[in-house]
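# Descriptive analysis of the structure
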Amino acid sequence: MTRRRRALESEELPLPARTRVFTVANQKGGVGKTTTTVNLAAALAKNGARVLVIDLDPQGNASTALGVEHRSETISVYDVIVNDVEIAEAVKKSPEGGELYCLPATIHLAGAEIELVSLVAREQRLRSALEKFLEESEEQFHYVFIDCPPSLGLLTINAFVAAQEVLIPIQCEYYALEGLSQLLNNIKLIERHLNPTLSVTTILLTMYDSRTNLSNQVADEVRQHFPEQTLATPIPRSVRISEAPSFGLSVISYDTNSPGSISYLEAAAEIARRGAPGSSTN
């Protein structure tokens, strides 16, 4: 652990020339989507990047983990996609430290699926708002992470249309790959009909336990199917990772030297080094 920590401290991560927009998605629940979104964002912000997290899950867990207010009366992502409020009016800086910002979710988002049905360009609303925000922002955002609900409704479709890259967390447990082919088919449909720039660039193994044959088998299978997309660093099962959100913190701030924190810092470093597909940092 000491060696890994020193290696991270000695490395200066490259910043992308253009904003990289990730949708963190998996139709299966409980695979670590929100945990991954929050901790990768915090890790990149700690390394000097300007990062925006968009909480598109009605439960608002990413907002909670980043210590951002999201009571029902808060101006939120719901107002952005349904009422045409500008993102700049709703975005809040996280107390995590660094240049880390959050567009919070409130309980109103639970009804947004129904309200979006009758709206013009219903699949494009988040993208339009995000493009306007990024263009008008005084300082460049290096990364945007969109945390999705565990279903393929209009909210998730809005996230896919707004992004260029998809990050899929896969838990190292039985049934891990079940439903993944359907998710990939849905992504291909969105790429074909709504967002030709979308691609699955990153797969992150979560809840990994090196002591079990099952974790190792799942990890080997995922790497065999997705050798280029799968990050080298898996995220271990960790009590610290689970505890951190109850304090309104990422594990990066809650316990910087824990195995979970170092694993997320390594995964973030790998994402930064890889760069966006076709970019000069790739």
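Refer to the structure above for everything that follows.
Keep in mind the model is a prediction, meaning the values are calculated, not measured.

### So, the overall build of the protein chain
Secondary structure assignment for the protein chain yields 13 helices and 7 strands. Taken over the C-alpha trace, the protein chain has a radius of gyration of 18 Å; the compact-globule value for 282 residues is 19 Å, and the two agree within 12%. Its C-alpha atoms give the protein chain principal-axis dimensions of about 50 × 40 × 40 Å. The buried share of the protein chain, taken over its 282 residues, is 52%. Partitioning the contacts of the protein chain with sequence separation of at least 6, the portion at a separation of at least 24 is 77%. Carbon and sulfur atoms make up 49% of the accessible area of the protein chain, which totals about 12,600 Å².

### Quick look at the packing of aromatic side chains
In the structure shown here, the tally under the stated rule is 6 aromatic pairs. Ring geometry for Phe247 versus Tyr254: centroids 5.0 Å apart, planes at 25 degrees, classification stacked. Look at Phe247 and you get exposed, because its relative accessible area is 53%. On the accessibility criterion, Tyr254 (23% relative accessible area) is partly exposed. One aromatic cluster is present, formed by Phe22, Tyr143 and Phe145 through successive ring pairs. Positioned above the aromatic ring of Phe141, the side-chain terminus of Arg50 is 4.4 Å from the ring centre.

### As for the side chain of Asp57
Inspection of the secondary structure assignment puts Asp57 in the loop between β2 (51-55) and α3 (61-65). No salt bridge is formed by the buried Asp57. Its closest oppositely charged neighbour is Lys33, at 6.5 Å. Sequence-distant contacts of Asp57, defined by excluding residues within four places in its chain, comprise Ala105, Leu109, Asp147, Cys148, Pro149 and Pro150.

### A look at a nonpolar patch on the surface
Together, Tyr174, Tyr175 and Leu214 line one region of the surface with nonpolar side chains, adding up to about 350 Å² of accessible area. Mapped onto the elements of the fold, Leu214 is located in helix α10 (residues 213-225). Residue classification places Leu214 among the partly exposed residues on the basis of a relative accessible area of 36%.

### Looking at the pairing of strand β6 (residues 165-171)
Extensive coverage of β6 is indicated by the burial of 7 of its 7 residues. For strand β1 (residues 20-24) and β6, the ladder comprises 3 bridges, and the chain directions are parallel. Across the sheet, residue Val24 finds its bridge partner in β6, namely Leu167. Pairing analysis gives 7 bridges linking β6 to strand β7 (residues 199-206), with the strands arranged parallel.

### Describing the sheet that holds strand β3 (residues 92-93)
In space, the 7 strands of this open sheet follow the order β3-β4-β2-β5-β1-β6-β7, with mixed pairing throughout. Edge strands, defined here as strands with exactly one partner in the open sheet, are β3 and β7. Bridging between β2 and strand β4 (residues 100-103) involves 4 bridges; their strand directions are parallel. Residue pairing across strands places Val53 opposite Cys102, the latter belonging to β4. Where helix α2 (residues 33-46) meets the sheet, its contacts fall on β1, β2, β4, β5 (143-147), β6 and β7, and the angle it forms with β5 comes to roughly 165 degrees. The sheet strands contacting helix α9 (residues 180-193) are β6 and β7, and the helix crosses β6 at an angle near 175 degrees.

### Description of the pairing of β7
Taking burial as the measure, the 8 residues of β7 include 7 buried ones, the bulk of the element. Each parallel crossover has a hand, and the one from β6 via α9 to β7 is right-handed.

### Things to note about the pattern of salt bridges
As a working rule, side chains carrying opposite charge can pair if their charged atoms are close by. For the coordinates displayed, the defined rule picks out 15 salt bridges. Measuring nitrogen to oxygen at the nearest pair gives 3.2 Å for the salt bridge that ties Arg50 to Glu99. In this pair, Arg50 is assigned in the loop between α2 and β2 and Glu99 in the loop between β3 and β4, connecting sequence segments 49 residues apart. Classification of Arg50 as buried rests on a relative accessible area of 12%. By relative accessible area, which is 29% here, Glu99 ends up partly exposed. Among the ionic pairs, Glu173 bridges to Arg237, the shortest N-O distance being 1.9 Å.

### Remarks on empty space enclosed by the protein
Scanning all chains against the criterion turns up 2 cavities of 30 Å³ or more. In this structure, the largest cavity spans a volume of roughly 40 Å³. Together, Ala25, Asn26, Gln27, Cys148, Pro149, Pro150, Ser151, Leu152, Thr156, Phe160 and Leu183 line the largest cavity.

Conventions and cut-offs
- Residues numbered from 1 in each chain as written.
- Predicted model: local features only at pLDDT ≥ 70, side-chain atom pairs only at ≥ 80, totals over all residues.
- Heavy atoms only, no water.
- Helix = DSSP H or I, 4+ residues; strand = E, 2+ residues; numbered from the N terminus.
- Rg over C-alpha atoms; globule rule 2.2 N^0.38 Å.
- Buried < 20%, exposed > 50% of the residue type's maximum accessible area, 1.4 Å probe, protein only.
- Contact = heavy atoms within 4.5 Å.
- Areas by Shrake-Rupley, 256 points an atom, 1.4 Å probe, with all protein chains shown as cover.
- Phe/Tyr/Trp six-rings, centres within 6.5 Å; stacked < 30°, edge-to-face > 60°.
- Lys NZ or Arg CZ within 6 Å of the ring centre and 35° of its normal.
- Lys, Arg positive; Asp, Glu negative; His and termini not counted.
- Salt bridge = Lys/Arg side-chain N within 4 Å of Asp/Glu carboxyl O.
- Patch = residues over 30% accessible without salt bridge, like charges linked within 9 Å, V, L, I, M, F, W, Y side chains within 5 Å.
- Pairing = 2+ DSSP bridges.
- Axes fitted to C-alpha atoms, helices over the stretch in contact; angles between N-to-C directions.
- Right-handed = clockwise from strand over helix to strand, strands pointing away.
- 1 Å grid on protein atoms, 1.4 Å probe; cavity = no way out; pocket = protein on both sides within 12 Å on 5 of 7 lines; lining within 4 Å.
- Points joined across faces, edges and corners; volume = space filled by probe spheres on them.

By themselves these figures say nothing about function.
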